[in-house]
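Examination of the molecular architecture
Next come the chains, spelled out residue by residue.
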Amino acid sequence: MFTLFALLAATAADPLAGTWRNAADSVRIRVAACRGEPGMCGTIVSASERAKADAAAAGTDRLVGTPLFRGFERDEDGSWAGTVFVPDIGREVDGTLHLEGRNTLVAEGCLFAGFGCKEQRWTRVAAK
């Protein structure tokens with residue numbers, strides 16, 4: 001029981017933890033400690049019909065509930081490294097996350113060895 005409370009306290013204290021929206025607010029993710037693996041994960045909790053259709057066209061039938069970020073662990077420089085799933089192309093790529101202030105999360109993923117890189121900014125959704 002103590003372990004569960006310690007895990008919950010650690011998750012609440014992690015600066016990545018929370019709900020985030022992309023710039024168009026077409027996708028929202030919830031970032032929390034991964035279940036059954038180390039690091040932080042981000043799972044899609046809501047998506048627009050357009051985002052769902054774009055993902056379905058690439059082979060992702062069920063966008064809501066899909067892990068977008070997996071296994072992100074903090075590096076010495078304060079950024080996080082892990083795997084990013086890109087629903088529009090149906091692929092996982094190596095990625096990094098870093099915070100700009102408390103409420104902007106910058107995610108970057110590259111298709112291959114620093115090529116085909118794309119950055120996406122996420123804004124923290126205020127808790128209600």
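Just so we're clear, the structure is a prediction, and the values are computed from it rather than from any experiment. (Residues numbered from 1 in each chain as written. Predicted model: local features only at pLDDT ≥ 70, side-chain atom pairs only at ≥ 80, totals over all residues. Heavy atoms only, no water.)

So, about the pairing of strand 5 (residues 80–86). Pairing analysis gives four bridges linking strand 4 (residues 67–74) to strand 5, with the strands arranged antiparallel. Opposite arginine 70, over in strand 5, you have threonine 83 as the bridge partner. In textbook terms, the turn of a hairpin is the stretch between consecutive antiparallel strands, and for strand 4 and strand 5 this stretch comprises five residues, one of which, glycine 78, has a positive phi near 95 degrees. As judged from the seven bridges shared by strand 5 and strand 6 (residues 91–100), these two strands associate in the antiparallel manner. Bridge assignment links valine 84 to a residue of strand 6, and that residue is valine 93. Following strand 5, the chain reverses through four residues before pairing antiparallel with strand 6; glycine 90 in that reversal takes a positive phi of roughly 65 degrees. (Pairing = 2+ DSSP bridges. Helix = DSSP H or I, 4+ residues; strand = E, 2+ residues; numbered from the N terminus.)

To continue, consider the state of the cysteines. Enumeration according to the criterion identifies two disulfides in this entry. Disulfide pairing is shown between cysteine 34 and cysteine 41; the S-S distance is 2.0 Å. Disulfide cysteine 34 to cysteine 41: torsion about the S-S bond roughly 100 degrees, handedness right-handed. Just as cysteine 34 is buried, cysteine 41 falls in that class too. One disulfide bridge connects cysteine 110 with cysteine 117, the sulfur atoms lying 1.9 Å from each other. Its S-S torsion of about 105 degrees marks the bond between cysteine 110 and cysteine 117 as right-handed, since a negative value means left-handed. Residue classification places cysteine 117 among the partly exposed residues on the basis of a relative accessible area of 35%. (Disulfide = S-S within 2.5 Å. Buried < 20%, exposed > 50% of the residue type's maximum accessible area, 1.4 Å probe, protein only.)

Residues with a pLDDT of 70 or more make up 88% of the protein chain, whose mean pLDDT is 87. Segment residues 1–12 is flagged for pLDDT under 50; beyond a separation of four residues in sequence, or across chains, it makes four contacts in the model. (pLDDT = per-residue confidence, 0-100. Contact = heavy atoms within 4.5 Å.)

What follows concerns the side chain of aspartate 14. By the secondary structure assignment, aspartate 14 is in the loop between helix 1 (2–13) and strand 1 (18–22). The side chain of aspartate 14 is buried and forms no salt bridge, while arginine 74, the nearest opposite charge, is found at 6.2 Å. Ignoring anything within four residues of it in the chain, the contact list for aspartate 14 reads Met40 and Trp80. (Lys, Arg positive; Asp, Glu negative; His and termini not counted. Salt bridge = Lys/Arg side-chain N within 4 Å of Asp/Glu carboxyl O.)

Another aspect to go through is a negative patch on the surface. A contiguous patch of negative charge on the surface is contributed by Glu73, Asp75, Glu76 and Asp77. Its place among the elements puts aspartate 77 in the loop between strand 4 and strand 5. A relative accessible area of 63% places aspartate 77 in the exposed class. (Patch = residues over 30% accessible without salt bridge, like charges linked within 9 Å, V, L, I, M, F, W, Y side chains within 5 Å. Areas by Shrake-Rupley, 256 points an atom, 1.4 Å probe, with all protein chains shown as cover. Charge placed at Lys NZ, Arg CZ, Asp CG, Glu CD.)

Moving on, we get to the environment of proline 87. Mapped onto the elements of the fold, proline 87 is located in the loop between strand 5 and strand 6. Using a relative accessible area of 13% as the deciding quantity, one classes proline 87 as buried. As a C-alpha pair, proline 87 and aspartate 54 span 33 residues in sequence and 7.8 Å in three-dimensional space. If we ignore the near neighbours within four places in the chain, the residues touching proline 87 are Ala55, Ala58, Thr60, Leu63 and Leu68.

Now for the side chain of threonine 19. Structurally, threonine 19 can be placed in strand 1. Residues in contact with threonine 19, not counting those within four places in the same chain, are Arg28, Ile29, Arg30, Thr123, Arg124 and Val125.

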